[in-house]
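Residue-level listing of the chains:
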Amino acid sequence: MDEYSRFVDWDKMDVSVQSQDTKELTCMDFHELKQLARQGYWAKNHSLRAKVYHKLISNIPCRTVTPDANVYRDIVVKIVGKRNSSSLPLPEFVDNSLIPTYCLNAEGIGAVRKIILCISNQFPDISFCPALPSVIALLLHYSKDEAECFEQVCRILACNDPSKRLIDQTFLAFESSCMTFGDLVNKYCQAAHKLMVAVSEDVLEVYSDWQRWLFGELPMAYIARVFDVFLVEGYKVLYRVALALLKFFHKVRAGQPMESDSIQQDIRAFVRDIAKSVSPERLLEKAFAIRLFSRKEIQLLQMANEKALQQKGITVKQKSCLLVFQQNVHLAVHAENFKSEIVSVKEMRDIWSWIPERFALCQPLLLFTTLEHGCSLSRFYSHSEGHEPTLLLIKTTAKEVCGAYLSTDWSERRRGGNKLSFFGTGECFVFRLQPEVERYEWVIIKHPELVSTGSETENHAQPASSTLSSSSIPSDPSDRLSPFLAARHFNLPSKTASMFMAGSNECIIVGGGDGQALYLDADLNHGRTSHCNTFNNQPLCSESFQISILEVWGFRD
């Protein structure tokens, strides 16, 4: 065996990775490395993978003073002493995480705890890092000794490149990543999300497991392939793979009874036994087939979620903070203080499960209802303006119930003067609750003719385009901004805003997904829908309808 076999139990190791083919890696061009990592170029040769890991980690930009192998040799005896490594207490920041053994031998299993304790000594600023035991255990398979593994992990933890996020080291970062993952599931895995909402009282608790799926439950052959790409491409890969795992879970388990009383336990069991249904190559193929947001967008979304947590005072893992957090997220719609003439408490909670996680921390606040404020578009605006986001609910005289989540303040309509102004972001969506529940993905309003009711409106309609001008798109695809995020929230140029909403003194238009568009007259008594590019979806509601009740809800901290 090679020089990197000290901690490996070869009886447990996948035979396919023991290939003795002589390969070398000479290129360090990012795009070439990206392709080679995805293809598994160094996955079949243990020694080559070890050398590649060493090279990639050595190139991570780090703090000026980063502990190295010599530091480990100096401190390990002082910290561990003569204690049995298997009985060494773990620091609180690993949060009772699993310490996966993967294919480690007895010496390797003991070394994991020793390295964790030494890292705790050298990184006092780490307050929450449940992924650390798994990362150490994995890298030990490809290290000559404990000191080398320690140095490699330290370089990952000490990365100081603001654009290169690697491992969460605080509760704030970890919890915001869970919220971000929830947002991504809501957008990219809607069928799975619907299942989670149906079988779990605490959806975010399920999604808070996402890093454990990767760094704890995934078998060695799988997490090693994920780590190959992670070291090249960064944190976004983790989101991709976790989304793919959830998609496969839903596909394999759809329609089957739960195997335990907890969906969390079912997902963990599925990931542990994933070899029964999905190969590592198929998992990565699925992960990279997801047309995910750009790295920049995900970073901005994560920052927004962190800000929401900070505003709630949730920055460290404390029982009281977690209780408040869970109550705000999962019980925001309280039965005793919520009253709507259109939707029930359960229906409102279902809607709450669709909205971005950072706003799910808030409680619904009734801003406008036609029953109290009358059918006046001007009063609709006066009560809605100054609130962002808002929720529009409509009940028709035919008992249909539909609505829209609107991410942007209605005051933005004033930018167009008296003209019909288009604005809004891709976080908007329209939905139907009665006769059947359906949520429609967003699209930019592409057909101004949908809003024309007369020559004046027709003349004032602004042309809409689903693409940005070439001059406004950065050359680096990883930094490209789609119209998804709110320009106002993230200080983005206005060109990145989409055209989901439109408002004037004559009408309101909300553009929905799959060609759905909702049009409301100025008297708020009559509306109609447009249903283009149906893809067999049911319409939002009747093509022409009479409004029975209309409500606008805001979000209260």
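Going by the structure above, here's the rest.
This write-up is about the structure you can find in this document. (Residues numbered from 1 in each chain as written. Predicted model: local features only at pLDDT ≥ 70, side-chain atom pairs only at ≥ 80, totals over all residues. Heavy atoms only, no water.)

Negative phi is the rule for most residues except glycine; trans is the rule for most peptide bonds. Look at the link from E388 to P389: it is a cis peptide, with omega at 5 degrees. Within the secondary structure layout, P389 lies in the loop between α19 (377-384) and β2 (390-396). We note that K399 has phi near 70 degrees; this positive angle belongs to a residue other than glycine. Tracing the backbone shows K399 in the loop between β2 and β3 (401-406). Overall, the relative accessible area of 59% leaves K399 in the exposed class. Here L524, not a glycine, exhibits a phi torsion of approximately 55 degrees, which is positive. Mapping L524 onto the fold places it in the loop between β9 (516-521) and β10 (526-531). (Helix = DSSP H or I, 4+ residues; strand = E, 2+ residues; numbered from the N terminus. Buried < 20%, exposed > 50% of the residue type's maximum accessible area, 1.4 Å probe, protein only.)

Moving on, we come to the pattern of salt bridges. Per the counting criterion, the structure on display carries 20 salt bridges. For the salt bridge of R6 with E107, the shortest nitrogen-to-oxygen distance reads 2.7 Å. Of the two residues, R6 is situated in the segment before α1 (30-39) and E107 in helix α4 (residues 106-122); the sequence distance between them amounts to 101 residues. Judged by its relative accessible area of 39%, R6 is partly exposed. (Salt bridge = Lys/Arg side-chain N within 4 Å of Asp/Glu carboxyl O.)

Another point: the side chain of N305. Mapped onto the fold, N305 is located in helix α15 (residues 295-311). Using a relative accessible area of 0% as the deciding quantity, one classes N305 as buried. Ignoring sequence-local partners within four residues, the contact set of N305 consists of S176, M179, T180, D183, E357 and R358. (Contact = heavy atoms within 4.5 Å.)

On to the side chain of K114. Relative to the assigned elements, K114 resides in helix α4. Judged by its relative accessible area of 19%, K114 is buried. When neighbours within four sequence positions are excluded, K114 is seen to be in contact with Y72, V76, V80, S85, L88 and E146.

We now examine the packing of aromatic side chains. Applying the stated rule across the entire model yields 27 aromatic pairs. Seen from their ring centres, W210 and Y235 are 6.0 Å apart, and the 75 degrees between their planes marks the pair as edge-to-face. Here W210 is found in helix α10 (residues 210-217), whereas its partner Y235 is found in the loop between α11 (220-233) and α12 (236-253), with 25 residues between them in sequence. The class for W210 is buried, based on a relative accessible area of 0%. Consider the rings of W352 and F555, whose centres lie 4.8 Å apart with planes at 20 degrees: the pair is stacked. Of this pair, W352 sits in helix α17 (residues 345-352) while F555 sits in strand β11 (residues 544-556); the two residues are 203 residues apart in sequence, bridging distant segments of the chain. Among the aromatic residues, ring-to-ring pairing joins W352, W354, F359, Y405, F429, F431 and F555 into one connected group. For the cation-ring pair, R439 lies above F429, with the distance from its terminal atom to the ring centre recorded as 4.4 Å. One Lys or Arg, R528, reaches over the ring of Y519 and ends 4.7 Å from the middle of that ring. (Phe/Tyr/Trp six-rings, centres within 6.5 Å; stacked < 30°, edge-to-face > 60°. Lys NZ or Arg CZ within 6 Å of the ring centre and 35° of its normal.)

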